[in-house]
Amino acid sequence: MKTTRREILMFAGGSAVGVLFTPAPWRLITDTALWSESWPGIPKPERGEIRARYTNCSLCAAGCAVRARCVAGRPVSLAGVPGHPLTRGALCAFGLAGHHLPYHPARLKHGPVAQASAAVADGIAKCRPSEHVVTLDLRPGRTASWTYRRAMAALKNGRYVTLSHPLGGPLAVDLAAARTVLSLGVPVLDGWGTPGNVMAARAGFRLIQAEAVESRTASMADLWLRIRPGSEDALAEGLAGMMTPAEAAAITGVPEAQIVAVAGELARNGPVLVLGTSRLASTGHTIVARRETPVPAEWRKAAPVTDLASLPDGSVRVLIIDESAPGEYLPWNAIAGKLVPDNPVMVALASSRDGYGRHAQYVLPVGVYPEVADDIPPAVDSVATTFRIAAPLVAAPEGVVKPEEFVAKAAGLAIGDTLRERADAIHETGRGSLFTYADAKSVAVKDVGAGDFWKALNAGGCWIDTPLAAAAQPPAAAQPPAAAQPPAATQLPAAENPDLPLVVVLSHELAPLSPLLSKMYRESNLRLGPNRAALHPSCGLEDGAQATLKTALGKCAVEVVLDAGVPPGVVQLTAWPAVLDLCGPGLQVGPARAKVVRA
Ligand code: SF4
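Analysis parameters
Residues numbered from 1 in each chain as written. Predicted model: local features only at pLDDT ≥ 70, side-chain atom pairs only at ≥ 80, totals over all residues. Heavy atoms only, no water. Near = heavy atom within 4 Å. Nonpolar A, V, L, I, M, F, W, Y, C, P; charged D, E, K, R; others polar. Helix = DSSP H or I, 4+ residues; strand = E, 2+ residues; numbered from the N terminus. Buried < 20%, exposed > 50% of the residue type's maximum accessible area, 1.4 Å probe, protein only. Pairing = 2+ DSSP bridges. Axes fitted to C-alpha atoms, helices over the stretch in contact; angles between N-to-C directions. Domains from an automatic or database assignment. Buried area = accessible area lost by both parts, 1.4 Å probe. Salt bridge = Lys/Arg side-chain N within 4 Å of Asp/Glu carboxyl O. Phe/Tyr/Trp six-rings, centres within 6.5 Å; stacked < 30°, edge-to-face > 60°. Lys NZ or Arg CZ within 6 Å of the ring centre and 35° of its normal.

Here we take up the site of the ligand. Around the ligand lies a shell of eleven residues, among which C57, C60, G63, C64 and C92 are the nearest. The class makeup of the residues in the shell around the ligand is nine nonpolar, two polar and no charged.

Set out below in C-alpha cells:
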C-alpha cells in the first residue's frame, strides 16, 4: 500500500490533537516545574530545628527590635518584638524582609582589599601638611564612629566628617508630648522615626503637613498645606509672625486666610512641634535633651566632627567612606572639589556600587544586615538614650571587610572588641534598665552582672537610659515657641529658569533592600523607583515613556510616571545617590531645577 504525503500530514496532525486529550502533556508541565526546582544553583531551604532568635534591625536609624523565626539557624521570617518600650512590636515593610538582603543580586562580595590598603597607606605617607586624610561616616554615633574619630586623631592630618542634623545625638523628639505637629516636608508617617512609636503617638497629635506633592504622609495628615516647592521656611516664618501672612501667601501659594487660621491653631493647640529639614522648633517639651551613650574614657582622645565644607578645596588626599550603615548621602559634587587634583585615593566601603562606588577607585565589600554586629544609635524619636546591637543571624561571606578594622589599621590604631568595651562602659554607669526580648522583661542595670549584660545585648536586648528629668533640660531642649524662633535664611522657591522649567521635589526612600520588595515596588509602582520621574499628567509625556532627566549638573535616563498628585511644573524623584548627584550639593540649599525630555 502506498502512503501519500497527505496521509502522513493527517496522521501527524491527528496525533498532535489527540495527545492533548491524554494526561501526558499536562503531567509533563507539572513534572518540569518540579524538576526545575531541583536544578543546580536553586537554593534549597534547610531542614532542622525551628526556634526564635532576636536582634535589632540596622537597616535604618530606628533600630526596631526583631524576632526572627529560624529553621536550622537560618532566618525565614522576621517580626517585631511585642511589648518593646520603644519600637512597640512594629517593623516596616523593609524590616519584615530584611533577611533577604544578603541574597540581593547587586551586593558585592569581592573587592581589591590589598590594593586599596596599599593605596591608602601610600596616600597617607604622601599627605602634605596642607592636605587631609578624611573618613566620611554616613551614620554617626555608632561605636564604629568612635573608632573612626580615634583613628583620625591618630593621624596628623586626619579629619572625621559626617553630616550635621538639627536632630539626633543629644536632641530628640517626644511625639507623645505634642498636640500639634507641623511638618515642613518631613515624611513623619512614612519611614521617619520609629514606626511603632510614631503610630502609638499618632492618636495624640494633629498633623499638619506642608508639602508640594501629595506624599503618603500628606495623604494621611489631618491637614495638607500644598505649598510651592522650596517655600517651607517662608511658610514657617509666616506662621511665626516673622513675615506677614500676605507675604508668606505670595511665596508659598497657600491662601492668606489659611495661613492665619493655621497660625491661630498653632497658638491654641500646643504643645507644638515644628519639624523641617532645616528648621526645628517646639513649645513645651516636645524636643528633649538626652545623654550621650557612654564610651570608655580612653576613647575621648578622638578627632572632633569636621564639616566637609570647612575643608579647603583640593585638600583631601585620602578619602575613606563608610557606607556600610545606610544613612544620609552627601552628593558627589559637594565632595569632588575637595579632593586633591593629583591622584587622590578614594575608598568606598559598601555593599553595592550604587552609592559612592560609582566614583571611588576602590570599592570594598562589607557585610550587610543581618550578617554583622553593629550598634544602632538612639532613634530621633527616642526620648531615652539607648544601646542596641544588631546581632548577626547569618554568617557574612568570606572576603567582606569590616570598615572599622580597615580604618583603624590604616591609621595604625590597635582596637579590640569595641562593642564589648562600650557595653562595659555603659554597665559601669549602673544607670538605666535592660529590656530583654525573649521574655519582654526589664531589669535594672545595677542588678545585672557585666557578663550577663553583654550576653543579653547579643541575644536580643536593649539598654534604655534613665531619661533626663524635664527640670534638668538644658536650654536647647526648651526651645522658644515657633513665634520666637530666631530668623533663618528664608528658603525661596527655586528661581525661574526657562532651560530647566521643572522644580525637583525629592521623595525619601530606603535603598532597595530586599530583592523581592524591590521587584514588587517596581512592578506595582507603590513607590517611586530610583529611575522613575513622576510628573503631572499635563506634562506632555505618556505614562511609561522613556525620557532623559537633565539638571545643571548632568543627565540620566528615567521612566515617566504620570501622577495627578504632582503639581504642574514639578518633577518628583527618589532621593537616590545617582539622582542626588544631579540635584545639587544638599537638600538644605533649596530645590534644584530640571527638565524631562523624551529619550
Ligand atoms: S523602620 Fe528601619 S529599623 Fe525599623 S524595621 Fe524598618 S528599616 Fe528596620
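This paragraph deals with the environment of G451. Structurally, the position occupied by G451 is in helix α14 (residues 450–458). On the basis of relative accessibility, which here comes to 40%, the residue G451 falls in the partly exposed class.

Sheets are built from strands paired through backbone hydrogen bonds, the pairs being either parallel or antiparallel. Taken together, the five strands give an open sheet; going across it, the order is β17-β18-β21-β19-β20, and neighbouring strands pair in antiparallel fashion. The open sheet is flanked by β17 (374–376) and β20 (441–444), the only strands paired with a single partner. Between one strand and the next, the sheet's axes are offset by a mean angle of 25 degrees, whatever the strand orientation. Inspection of the sheet shows strand β19 (residues 433–436) paired to strand β21 (residues 461–464) by four bridges, in the antiparallel sense. Within β21, the residue paired with F435 across the bridge is C462.

Further remarks concern the domain arrangement of the chain. Taken domain by domain, the chain holds domain 1 (113–167 + 292–464), domain 2 (175–284) and domain 3 (502–598). For domain 2 versus domain 3, the separation of C-alpha centres amounts to 24 Å. At the boundary of domain 2 with domain 3, total buried surface from both sides reaches about 860 Å², with 62% on carbon and sulfur atoms. Among the residues of domain 2 in contact with domain 3, V213, R216 and P229 are the three that bury the most area, contributing 51% of the side total. The interface formed by domain 2 and domain 3 holds zero salt bridges in total. Its residues placed into classes, the side of domain 2 that touches domain 3 shows three nonpolar, one polar and four charged.

Before going further, it helps to spend a moment on the packing of aromatic side chains. Within this structure, the stated rule accounts for three aromatic pairs. Centroid distance F435 to Y437: 5.8 Å. Interplanar angle 50 degrees. Geometry classified as tilted. The buried category is assigned to F435, whose relative accessible area is 3%. Note on Y437: relative accessible area 3%, which makes it buried. Taken together, the ring pairs in this structure connect Y54, F435 and Y437 into an aromatic cluster. In this structure, R149 packs its charged tip against the face of W146, placed 4.6 Å from the ring centre.

Burial of strand β26 (residues 570–574) is extensive: five of the five residues sit out of reach of the surface. Of the two faces of β26, both are covered, the one formed by V570, Q572 and T574 as well as the one formed by V571 and L573. With five bridges joining them, strand β22 (residues 502–507) and β26 adopt parallel strand pairing. The partner of S507 across the bridge, within β26, is T574. Two strands pair when backbone bridges link them, and strand β23 (residues 532–535) and β26 are joined in this way by two bridges, in the antiparallel orientation. The residue of β26 that forms the bridge with A534 is Q572.

On to the pairing of β22, then. Of all six residues making up β22, six are buried, and the element is well covered by its neighbours. Burial along β22 is two-sided: the face carrying L502, V504 and L506 and the face carrying V503, V505 and S507 are both buried. Both β22 and strand β27 (residues 593–598) contribute to a ladder of two bridges, which runs antiparallel. Residue pairing across strands places V503 opposite R593, the latter belonging to β27.

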